[in-house]
Amino acid sequence: MRKGELTRAAILDVALDLASRDGLEGLTIGLLADKMNMSKSGVFAHFGSREDLQLEVLKLYHHRFEQEVFFPSVKEPRGIQRLKSMFARWVKRVSVEVASGCIYISGAVEYDDRPGPIREELMAMVGAWQGALLRCVKQCVECGDLKADTDPQQLVYEMYGLILALHHDARFLRIPGSLGRAATGFERLIETYRNPQTPSAVVAQQ
């Protein structure tokens, strides 16, 4: 990477940390310039506007989410093993974000009633992740791991609910054991949808 690219990457790293802590709306060129020991014009040279900077921060967050959660999970065999990996890695990422914050969650609060490019980008990213979960659940049904009458959208909805509850209890209320409760909740959820004829389900019943 050339010097300009390295500087831009460093700015984005700091900007992501700030946005995770203070929200995307709390991210300003002035604050970022102070953190980087740069002038405002120096930061503007890499990002044409504050909105452009916010969009780039979103893209970086999404890229890291994919690298940590999605791509490692799709290396697992199709079916329940892949779905469990997706949820476990998702929980692991949330556990790290307890100290900083999840931009997907904080962004939903900031932009739920604020139309514009940032809201559209955020919705597209969250939608892509939900779509990946939905496809995985459908594959679980197709390969016989889950019941044939499983409602994939309902299952994804309930998985999302567990993550939101985890973020709330672990970050806001600081309740010990929240990670374990999320894991237990997911296992119970899967058991309600599991195909009783699968080998793992038969063994569990014995």
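A quick note: this is a predicted structure, and the numbers were derived from the prediction, not measured. (Residues numbered from 1 in each chain as written. Predicted model: local features only at pLDDT ≥ 70, side-chain atom pairs only at ≥ 80, totals over all residues. Heavy atoms only, no water.)

Considering the layout of surface pockets
In this model, the largest pocket occupies a volume close to 310 Å³. Around the largest pocket sit 20 residues that line it, and Tyr 104, Ile 105, Ala 108, Val 126 and Tyr 160 are the ones nearest its centre. Those elements giving two or more residues to the lining of the largest pocket turn out to be helix H4 (50-73), helix H5 (80-97), helix H6 (103-111), helix H7 (117-142) and helix H8 (152-172). With five residues, the top contributor of residues to the lining of the largest pocket is H6. Classifying every residue of the lining of the largest pocket gives 15 nonpolar, one polar and four charged. (1 Å grid on protein atoms, 1.4 Å probe; cavity = no way out; pocket = protein on both sides within 12 Å on 5 of 7 lines; lining within 4 Å. Points joined across faces, edges and corners; volume = space filled by probe spheres on them. Helix = DSSP H or I, 4+ residues; strand = E, 2+ residues; numbered from the N terminus. Nonpolar A, V, L, I, M, F, W, Y, C, P; charged D, E, K, R; others polar.)

So, the environment of Lys 92
Examined against the element boundaries, Lys 92 turns out to sit in helix H5. Among the residues examined, Lys 92 registers a relative accessible area of 60% and is labelled exposed. For the pair Lys 92 and Val 69, spaced 23 residues apart in sequence, the C-alpha to C-alpha distance is 8.8 Å. (Buried < 20%, exposed > 50% of the residue type's maximum accessible area, 1.4 Å probe, protein only.)

A closer look at the state of the cysteines
Tallying each qualifying case throughout the model produces zero disulfides. Unpaired in terms of disulfides, Cys 140 finds its nearest cysteine sulfur in Cys 136, a separation of 4.6 Å. Assessed through its relative accessible area of 0%, Cys 140 is described here as buried. The thiol of Cys 143 is unpaired, and the distance to the nearest cysteine sulfur, on Cys 140, comes to 5.5 Å. Among the residues examined, Cys 143 registers a relative accessible area of 42% and is labelled partly exposed. (Disulfide = S-S within 2.5 Å.)

Thoughts on the packing of H4 against H6
Relative to each other, H4 and H6 sit at 145°, their axes nearing to 11 Å. Residue-level contacts link Gln 54, Val 57, Leu 58, Tyr 61, His 62 and Phe 65 of H4 to Ile 103, Tyr 104 and Tyr 111 of H6. Taken together, the residues of the contact of H4 with H6 break down into seven nonpolar, two polar and no charged. (Axes fitted to C-alpha atoms, helices over the stretch in contact; angles between N-to-C directions. Contact = heavy atoms within 4.5 Å.)

Focus: the UniProt feature "domain: HTH tetR-type" (unreviewed entry) in the protein
The sites that carry the UniProt feature "domain: HTH tetR-type" (unreviewed entry) are, in the present numbering, residues 5-65. Segment residues 5-65 splits into 77% helix and 0% strand. End C-alpha atoms: 22 Å apart. (UniProt positions renumbered as here; feature names shortened; annotations may be inferred.)

With respect to the UniProt feature "DNA-binding region" (unreviewed entry) in the protein
Per the UniProt annotation, the sites labelled "DNA-binding region" (unreviewed entry) are residues 28-47. Annotated as 65% helix and 0% strand, the span residues 28-47 places its first and last C-alpha atoms 12 Å apart.

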